[in-house]
Amino acid sequence: MESIPRLQKLVDTLTALFKEREVKDEQQKLAIAGDALKTLVATDDWLPEEFAQPHPQYYQQYLLYRNPQQRFSIVSFVWGPGQTTPIHDHKVWALIGMLRGAERGERFELVSSGQPMKCISTDMLFQGEIESLSPSSGDIHRVSNAYANRVSISIHVYGGDIGQIKRHVYDASNGQAREFISGYANVNAAAS
Ligand code: FE
């Protein structure tokens with residue numbers, strides 16, 4: 001990553017912020033990390049082509065950097081036209097910065113068991129903007145490419161090695177949760 005100075009700057013900031021296992025003052029640290037991510041996505045001239053490739057069917061998650069102590073990871077999300085995630089959670093804090101295009105984020109809440117999930121907000125994220133999520137304030141959402149005719153790319157930072165974390169996807173009709181591990185498009189699961 002030394003070869004990508006803009007990304008290395010974010011890595012350095014995050015390494016200093018999250019050097020302890022215990023994350024104290026999460027909101028304060030996320031605000032500083034968010035500013036560093038905002039700086040990174042302000043300029044769209046650094047993401048190598050190999051991490052910007054859409055797949056005709058599935059949105060792609062390319063691992064850009066993984067902290068050796070697994071305190072955080074940085075991922076490029078590449079959305080083909082009209083692609084969307086299932087409703088999911090993260091189990092760790094997350095920051096999203098829009099590098100190219102735009103995405104739509106819908107927040108969901110579980111109602112009582114067996115009931116349809118409730119969509120509590122829908123927000124657009126445009127190029128250069130960031131947003132944050134934390135399990136402490138509810139982190140269930142669905143994200144979609146806002147465009148039906150072009151690729152969008154966002155840079156995500158997570159408070160752990162997100163590709164290996166056991167988390168959940170949800171059925172909107174009844175709130176039923178199913179465990180999943182997302183992996184990465186560019187990392188062999190057996191070797192990671
Ligand atoms: Fe997410």
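Calculation notes
- Residues numbered from 1 in each chain as written.
- Predicted model: local features only at pLDDT ≥ 70, side-chain atom pairs only at ≥ 80, totals over all residues.
- Heavy atoms only, no water.
- Donors = N, O, S within 2.8 Å, 3.2 Å for Na, K, Ca; no water.
- Buried < 20%, exposed > 50% of the residue type's maximum accessible area, 1.4 Å probe, protein only.
- Axes fitted to C-alpha atoms, helices over the stretch in contact; angles between N-to-C directions.
- Helix = DSSP H or I, 4+ residues; strand = E, 2+ residues; numbered from the N terminus.
- Parallel < 35°, antiparallel > 145°, perpendicular 65-115°, else oblique.
- Contact = heavy atoms within 4.5 Å.
- Nonpolar A, V, L, I, M, F, W, Y, C, P; charged D, E, K, R; others polar.
- 1 Å grid on protein atoms, 1.4 Å probe; cavity = no way out; pocket = protein on both sides within 12 Å on 5 of 7 lines; lining within 4 Å.
- Points joined across faces, edges and corners; volume = space filled by probe spheres on them.
- Lys, Arg positive; Asp, Glu negative; His and termini not counted.
- Salt bridge = Lys/Arg side-chain N within 4 Å of Asp/Glu carboxyl O.
- Polar contact = N/O pair within 3.5 Å; in protein donor to acceptor, adjacent residues only side chain to side chain.

1. What to know about the coordination of the iron ion
Turning to step 1, where the next piece is worked out: Coordination of the iron ion by the protein is provided by His88 (NE2), His90 (NE2) and His141 (NE2), with metal-donor distances spanning 2.1 Å.
Turning to step 2, where the next piece is worked out: For the iron ion, all donor residues lie on one chain, and their spacing in sequence is H-x1-H-x50-H. The same class applies to histidine 88 as to histidine 90, namely buried.

2. A look at the packing of helix α1 (residues 5-17) against helix α2 (residues 26-41)
Turning to step 1, where the next piece is worked out: Between α1 and α2, the shortest axis-to-axis distance is 9 Å and the interhelical angle comes to 175 degrees. Between α1 and α2, the angle is such that the two are roughly antiparallel. Between α1 and α2, the contacting residues are Arg6, Leu7, Leu10, Thr13, Leu14 and Leu17 on the first element and Lys29, Ile32, Ala33, Ala36, Leu37 and Leu40 on the second.
Turning to step 2, where the next piece is worked out: Of the residues contributing to the contact of α1 with α2, the split by class is nine nonpolar, one polar and two charged.

3. Some points on empty space enclosed by the protein
Turning to step 1, where the next piece is worked out: According to the stated counting rule, one finds three cavities of 30 Å³ or more in the structure shown.
Turning to step 2, where the next piece is worked out: Roughly 70 Å³ of volume is contained in the largest cavity.
Turning to step 3, where the next piece is worked out: What lines the largest cavity is Tyr59, Gln61, Phe77, Thr85, Pro86, His88, His90, Tyr158, Arg167, Val169, Phe180 and Ser182.
Turning to step 4, where the next piece is worked out: Counted by class, the lining of the largest cavity contains six nonpolar, five polar and one charged residues.
Turning to step 5, where the next piece is worked out: Of the pockets and cavities examined, the second largest cavity occupies roughly 50 Å³.
Turning to step 6, where the next piece is worked out: Phe77, Trp79, Thr85, His88, His90, Ala94, Ile96, Leu133, His141, Val143, His156 and Tyr158 together form the lining of the second largest cavity.

4. A short note on the side chain of aspartate 139
Turning to step 1, where the next piece is worked out: Among the secondary structure elements, aspartate 139 is positioned in the loop between β7 (130-133) and β8 (141-145).
Turning to step 2, where the next piece is worked out: Lysine 91 provides the closest opposite charge to the buried, unpaired aspartate 139, separated from it by 6.7 Å.
Turning to step 3, where the next piece is worked out: Among the polar contacts listed, one links the side chain of aspartate 139 to the backbone nitrogen of histidine 90, at a separation of 3.0 Å.
Turning to step 4, where the next piece is worked out: Among the polar contacts made by the side chain of aspartate 139, one reaches the main-chain amide nitrogen of lysine 91 at a distance of 3.3 Å.
Turning to step 5, where the next piece is worked out: Not counting residues up to four positions away in its chain, the partners in contact with aspartate 139 are His88, Asp89, His90, Lys91, Val92, Leu133 and Ser134.

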